Amino acid sequence: MAAAAFYDLDGTLCRTNLVHAFAHNARNQQGLIRSVTRTLSTVVSIPAFVAADFFDRRLFNDIFFRRYKGESEDRLRYLAEELFENVIKPAIYPGAYKLIEKSRQLGLRQVLVTGAIDFTAIPLARHLGLDDMVTNHLEFVDGKATGRLLPPVMAAATKASWMRIYAEKEGLNLSECYSYSDSMSDLPMLAVVGHPTAVNPDFRLKNTALQHDWPILDLR
Amino acid sequence: MSKRETKALRGPSPRHKEGDEVVYIDSESAPRLIFSGEDITCEDLPIGTRVVYGKAPIEGLNNPGAAIRYAINHPLDADPLYAQLAPGMRVTIALDDISLPLPPMRTPDIRQTILEILLELLDANGVDDIHLVIANCLHRYMTEDEMKRMVGKKIFDAFYPDRYYNHDGEDPDNLVHLGKTAQGEPMNINRRCVESDLVIYVNITLVPMDGGHKSVAVGLCDYESVRVHHEPETLLGCDSMMDPPRSMLSTKIERQGAIVDQHMKVFHIETALNNRMFANATAFLGKNEDEFSEFDRMKYEAMRFALSKLPTPAKRKIFSAIPSEYELVACYAGKTDPVHARILAKLYDQYMVSIKGQSDIVIFPIPYVSPYSINSILNPILVQVMGLGYFHQFYRGKPVLKKGGALILCHPCHDEFDHKFHPSYIEFFNRLLPETRDSHKLQHKYEEEFARNPSYIEMYRRGNAYHGAHPFFMWYWGEPGRQHAGKVIVAGAKNAHVPARMGWDRADSLTEAISMARSFVGPSPSITLMKWPPIVMADVE
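By convention here, each chain's residues receive numbers from 1 onward along its written sequence. Starting at A for chains and at 1 for ligands, labels are handed out in the order in which the entities are written. With pLDDT at 70 or above as the cut-off, local features in this predicted model cover only qualifying residues; side-chain atom pairs require 80 or more to be listed or tallied, and sums for whole chains, interfaces and linings still use all residues.

## Topic: the overall build of chain B
Think of it this way: any DSSP run of H or I at least four residues long counts as a helix, any run of E at least two long counts as a strand, and we number them from the N terminus. Scanning chain B from N- to C-terminus turns up 22 helices and 21 strands. Only C-alpha atoms enter the radius of gyration, while the globule expectation follows 2.2 Å times N to the 0.38, with N the number of residues. The C-alpha atoms of chain B give 23 Å as radius of gyration, which agrees with the globular expectation for 541 residues (24 Å, within 12%). Projecting the C-alpha coordinates of chain B onto the three principal axes gives extents of approximately 70 × 55 × 45 Å. By residue count, 54% of the 541 residues in chain B fall in the buried class. The exposure scheme places C-beta atoms from the backbone and then counts, for each residue, the other C-beta atoms within 10 Å of its own, assigning buried at 20 or more, exposed at 12 or fewer, and partly exposed in between.

Encoded structure:
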């Protein structure tokens, strides 16, 4: 039976996170004043983002993606390639390439499971040669972002349930699948496969991985 | 600690002995000190038990530097090293990793002494394209601190990290396929070594299975090359691994070594050390207990008291901090085969003790140290490889244990693993062993999966983890012992599930283990205690 390797993105394959993507967008607003205002506002909000993420990833998503409200879809997509070349690509961990290469040699399907927005993840998935991906999608009305995500919102348990459905649809044996993440919020995504690995884990995930005897990998 | 263990060690009196190394227990014999992991127990053994001690250390060479210089200037079947050097040459010096010697020796490590001489010679001959490669094969990478300790600060600062590094057996870009033996065994070797004008291998041969062609052909190869001989059938074809002419492992490695010799110019420097594992304050641990002085007894009591008050990790730290006091007793250089033959002869002089006949019951103390647990934990798989692999194989002629006899291992068998060094061992122990202990089934069903696991590969390459296939090799290593012993009993195991999973019986104490063994082998059994450490091997008549 076929199997897959599921990767989280931010902090796992590269050192950027959602805030980096938004900060890039904020810096590249039309007009200097707007850029400065947006950037400062993002910086000021970072403690709130951290607190929300620590409490619940879904709460973080609610707060964070509201900041996209009013952004033009065209502009976001236009900036995505630049964001990838200037911010994300240099931040890919050197070990990520080898990990994916070895994984592909095993015949595993390479799948990105991320809470990042589609237009930031697509260039990276293409660059790494991943076979499939699931991301979050901003809701747009009349070409403007509403600040909400389209369901299902990829975070925590939703990632695991998406993986289950995906495996069933694609005829994959989850007990032979691999999963990689850096964050405690992705515990369900790790727990659902037979070969979970904590990658560059935060303190809580590292302790959990030790308790579960999961491999702990440092790609940095 | 039982009451028996607190009993005072008695003073010297004449004993029934065969030479200095073989002693028979009688009614007046002192209890014996027996390593059990990080503890040392004091045990009364049944009358008539044969205790085999290591030989007294051969006196170390007074001037190791002079011996090394002599060896490289008067090599066997090769030109002197200076005559092989020319300005602009590309030279790679490969070194044995931290698994040798055991425990790590006091500084300066003999490798540092050799390197200082070599680098001076290379510099004098205008050779400056020099790399130092640790021949770790699929062993864990040595840490920065370990690498510094091994070669000294001066060399470390000059070469690390760009020109002093661990061999990567999982980087296809840095491996070269040299060919296959007539039997189809592949030989893939470190690219830098293959592309060098000269490879100098600096070796420490601790036991007779080390050294020789194993240094380059195994130390610098990859999984595909090593799996052809680190497998159950090859290991079952060894009688024993310590006797190269009767070892299928050596035969296969020599075949691969012949390919290496066809493609690479190797100048082999091989050393033998004596077995002065303990010295000064801990010298009593290598002595016959009947010959203990009052001071030795006091030192043991003090050590026993201190160990009883410490948690296991602290005991591990203390033992890790005590280096061995090994001294150089021989150094030869030149072509691999003649050099290795001379070193083997020296090792046999140091380790081989002649004993008459096999025993029904054999006791192996399993100490805190193994080649794979330096600065780490001797996990249950490693306990297995020490007992059923190495110690069982420490013979020439016949095993010390009769076929179908009872083997007693002394170890607490903690269910404890090092997540950083031994991640694949954890999965092997918890996922595979409950399903099967059959080496062939494990090999065919699971070895490939572990060896190709991307997480384990990257943990090996980017961290300090043993390769994913390593726990399999360790399990196969124990296969000859597993098939030879009729029963394995682990004395002093602190839990029931580890021995059960390994397929062993357990006993609270050595006395209980001996009783269980007696009931298995029948009345009036012959019993032998192999008193490790230090290293002792048996020439069984």
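## Observations regarding the overall build of chain A
The helix and strand inventory of chain A stands at nine helices and eight strands. Per-residue burial over chain A gives 44% buried out of 220 residues. Contact criterion: two residues are in contact if their C-beta atoms, reconstructed from the backbone, are within 7 Å. At a minimum sequence separation of 6, the contacts of chain A that also span at least 24 residues come to 56%.

## So, the pairing of strand β7 (residues 129-134) of chain B
All names here are of chain B. Both strand β6 (residues 90-95) and β7 contribute to a ladder of six bridges, which runs parallel. Bridge assignment links I93 to a residue of β7, and that residue is L132. Here the term right-handed applies to a crossover when the path leading from its first strand over the helix to its second strand runs clockwise, the strands being oriented away from the viewer. With respect to chirality, the unit in which β6 leads through helix α4 (residues 110-124) into the neighbouring parallel β7 is right-handed. Each pair of strands is called paired provided DSSP finds at least two bridges between the two strands. The sheet contact formed by β7 and strand β8 (residues 164-166) spans three bridges and is parallel. The residue bridging V133 from the neighbouring strand is Y165, located in β8.

## A closer look at helix α22 (residues 510-521) of chain B
Residues and elements named next belong to chain B. Taking 1.5 Å per residue, twelve residues should reach 16 Å; α22 reaches 16 Å between its end C-alpha atoms and fits that length. Those residues of α22 lying buried are L510, A513, I514 and A517. Down the axis, α22 shows its buried residues gathered within 100° of arc, on one side only. Directly beyond the C-terminal end of α22, a positive phi value near 105° is found at G522. Multiply 1.5 Å by the residue count of a helix minus one, and that product is the helix's expected span. Regarding the arc, it is the one traced by the directions from the helix axis to the C-beta atoms.

## Side note on the domain arrangement of chain B
Residue and element names in this part refer to chain B. An automatic or database domain assignment supplies the start and end points of every domain. Annotation of chain B at the domain level lists domain 1 (3-56 + 279-323 + 356-540) and domain 2 (64-273). Placing the centre of domain 1 and that of domain 2 at their C-alpha centroids yields a distance of 29 Å. Across the contact, 32 residues belong to domain 1 and 28 residues belong to domain 2. Counting only elements with at least two residues in the side of domain 1 that touches domain 2, the list comes to β16 (395-396), α17 (439-452), α18 (454-462), α19 (470-477) and α20 (479-484).

## What to know about the interface of chain B and chain A
Contacts between the two partners involve 14 residues from chain B and, on the opposite side, 16 residues from chain A. Mapped onto the side of chain B that touches chain A, the elements with two or more residues apiece are α16 (423-432) and α18 of chain B. With seven residues, the single largest contributor to the side of chain B that touches chain A is α18(B). Considered class by class, the residues forming the side of chain B that touches chain A number six nonpolar, five polar and three charged. The classification used treats Ala, Val, Leu, Ile, Met, Phe, Trp, Tyr, Cys and Pro as nonpolar, Asp, Glu, Lys and Arg as charged, and all other residues, Gly among them, as polar.

## Describing the sheet that holds strand β21 (residues 537-540) of chain B
Residues and elements named next belong to chain B. An order of β14-β21-β16 is seen for the three strands of this open sheet, with the pairing classed as parallel. Each edge of the open sheet carries a strand with a single partner, namely β14 (352-355) and β16. Direction of pairing for β14 relative to β21: parallel, over a ladder of four bridges. Looking at the pairing, S354 lines up with D539 of β21.

## What about unusual backbone geometry?
A cis amide bond links P151(A) to the next residue, P152(A), at an omega of -5°. Within the element layout of this structure, P152(A) appears in the loop between β5 (144-149) and α7 (157-170). Cis geometry marks the peptide bond from D239(B) to S240(B); its omega dihedral reads 10°. Look at D142(A): it is not a glycine, yet its phi comes out positive at around 55°. Among the secondary structure elements, D142(A) is positioned in the loop between β4 (138-141) and β5. A tally of 6 C-beta atoms within 10 Å means that D142(A) is categorised as exposed. In the Ramachandran plot, C413(B) falls in the positive-phi region, its phi being about 55° despite a non-glycine side chain.

## As for the sheet that holds β6(B)
Residue and element names in this part refer to chain B. The strand order across the open sheet formed by six strands is β8-β7-β6-β11-β12-β13, and the pairing between neighbours is mixed. With partners counted over all chains shown, the strands left at the sheet margins are β8 and β13 (328-334), one partner each. For this sheet, the mean angle separating the axes of adjacent strands, direction not counted, is 20°. Alignment of strand β12 (residues 266-273) against β13, held across six bridges, turns out to be antiparallel. Pairing of A272 across the sheet is with A330, part of β13. Orientation is described by axes fitted as lines to C-alpha atoms, over the contacting stretch for helices, and by angles from 0 to 180 degrees between their N-to-C directions. With respect to the sheet, α4 is in contact with β6, β7, β11 (198-204), β12 and β13, its orientation differing from that of β11 by roughly 155°.

## Examining α16(B)
All names here are of chain B. Counting buried positions along α16 gives seven out of ten residues, so the element sits mostly inside the fold. Turning to α16, its buried residues are P423, S424, Y425, E427, F428, F429 and L432. Where α16 is buried, its residues contact α15 (380-393), α17, α18 and α19.

## Some words on the confidence of the model for chain B
Residues and elements named next belong to chain B. A residue's pLDDT is simply how confident the predictor is in it, with values from 0 to 100. Model confidence for chain B is summarised by a mean pLDDT of 94, while 97% of its residues fall at 70 or above. Counting contacts from residues 1-8, a segment whose pLDDT is below 50, to residues more than four positions away or on other chains yields nine contacts. Among the prediction metrics, the complex's ipTM stands at 0.78, with pTM recorded as 0.89.

## Focus on the packing of helix α2 (residues 64-73) of chain B against α4(B)
All names here are of chain B. At their nearest, the axes of α2 and α4 sit 10 Å apart, and the two run at 55° to each other. As far as their axial angle goes, α4 and α2 are oblique. The crossing of α2 and α4 is right-handed. For the pair α2 and α4, contact is made by P64, G65, I68 and R69 and by T113, I114 and I117, respectively. Each angle is binned into one of four classes, with values under 35 degrees roughly parallel, values over 145 roughly antiparallel, values of 65 to 115 roughly perpendicular, and all other values oblique. By convention, the crossing between two helices is left-handed when the near helix turns anticlockwise from the far helix through less than a right angle, and right-handed when the turn is clockwise.

## Considering the pairing of β4(A)
All names here are of chain A. Two elements, β4 and β5, share three bridges in a ladder whose sense is antiparallel. The partner of L138 across the bridge, within β5, is L149. Here β4 folds back onto β5, and the loop between the two strands holds two residues, one of which, D142, carries a positive phi near 55°.

## Topic: the environment of A491(B)
Residue and element names in this part refer to chain B. In this fold, A491 is placed in strand β18 (residues 487-491). Separated by 80 residues in the primary sequence, A491 and H411 have C-alpha atoms spaced 6.4 Å apart. Sequence-distant contacts of A491, defined by excluding residues within four places in its chain, comprise I408, L409, C410, A507, S509, L510 and A513.

## A closer look at the environment of E82(A)
All names here are of chain A. On the secondary structure map, E82 appears in helix α4 (residues 73-88). Judged by the 13 C-beta atoms lying within 10 Å of it, E82 falls in the partly exposed class. Sequence spacing of E82 and D8 is 74 residues, and the spatial spacing of their C-alpha atoms is 22 Å.

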